[in-house]
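A look at the structure
Residue-level listing of the chains:
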Amino acid sequence: MNNFNMLYKVASESAEKAYAPYSNFKVGAALLSKSGDVFSGCNIENASYSLTCCAERVAIFKAVSRGVTEFKTIVITSNTPEPISPCGACRQVMSEFFDDSVIIVLTNNNQVKKELSIQELLPYSFNL
Ligand code: THU
């Protein structure tokens, strides 16, 4: 995938900024828009655990709050043996903004890569 090295660097640097004092599990995301802008995201936890926001959603919400809603690629990384697998809530948020052309790259610190579309990651999603 084009841009992988650049997006991987943004995602892994963002993971270092994760606020994860409860799980100590750091996740980073780098979201590339169709217009060429890159939005980073890290997970942000809370003492009230359910208020935690995942790295993927932080990146998507940053973009949308800037008026950017069309995307090419997202790279998501963590220090896991296998490429990180996004939670169900993030899959649903991705399905709101990603069409099937968006390349979702799941990876890890060893850069083991898995590339998927939103249809593969969340088949039969809820949409209005
Ligand atoms: N987390 C993410 O940021 N993205 C994922 O894809 C999976 C989970 C975060 C949420 C929480 O801060 C920590 O990882 C442990 O669940």
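Residues numbered from 1 in each chain as written. Predicted model: local features only at pLDDT ≥ 70, side-chain atom pairs only at ≥ 80, totals over all residues. Heavy atoms only, no water.

**Some details on the side chain of S95**
Here S95 shows up in helix α3 (residues 88-97). Using a relative accessible area of 11% as the deciding quantity, one classes S95 as buried. A polar contact is formed between the side chain of S95 and the backbone oxygen of Q92, at a distance of 2.9 Å. (Helix = DSSP H or I, 4+ residues; strand = E, 2+ residues; numbered from the N terminus. Buried < 20%, exposed > 50% of the residue type's maximum accessible area, 1.4 Å probe, protein only. Polar contact = N/O pair within 3.5 Å; in protein donor to acceptor, adjacent residues only side chain to side chain.)

**A short note on the pattern of salt bridges**
Evaluated as defined, the whole model comprises 1 salt bridge. Among the salt bridges present, the one from E13 reaches K9, with a minimum N-O distance of 3.0 Å. Separated by 4 residues within a single helix, E13 and K9 lie in helix α1 (residues 4-16), roughly one turn from each other. On the basis of relative accessible area, E13 is assigned to the partly exposed category, the value being 41%. (Salt bridge = Lys/Arg side-chain N within 4 Å of Asp/Glu carboxyl O.)

**Here's the deal with α3**
Turning to α3, its buried residues are C90, R91, V93, M94 and S95. Here the buried face of α3 lies against α2 (55-65), β3 (71-78), β4 (103-108) and α4 (118-121). (Contact = heavy atoms within 4.5 Å.)

**Here's the deal with a negative patch on the surface**
Taken together, the side chains of E70, D99, D100 and E120 define an acidic patch exposed on the protein surface. Residue placement: E120 occurs in helix α4. (Patch = residues over 30% accessible without salt bridge, like charges linked within 9 Å, V, L, I, M, F, W, Y side chains within 5 Å. Areas by Shrake-Rupley, 256 points an atom, 1.4 Å probe, with all protein chains shown as cover. Lys, Arg positive; Asp, Glu negative; His and termini not counted. Charge placed at Lys NZ, Arg CZ, Asp CG, Glu CD.)

**Concerning the nonpolar core**
The biggest cluster of nonpolar side chains holds 25 residues, and the ones touching the most others in it are L31, I76, M94, F98 and I104. Only β1 (27-33), α2, β3, α3, β4 and α4 provide two or more residues apiece to this core. The greatest single-element share of this core, amounting to 4 residues, is contributed by α2. In contact with L31, other than residues within four places in its own chain, are D37, V38, F39, A59, I60, A63, F71, T73, I74 and F98. Ranked by size, the runner-up nonpolar core spans 8 residues in total, among them Y8, A30, L32 and V105. (Core = buried A, V, L, I, M, F, W, Y, C linked by side-chain atoms within 4.5 Å.)

Interpretation in functional terms is not warranted from these geometric data alone.
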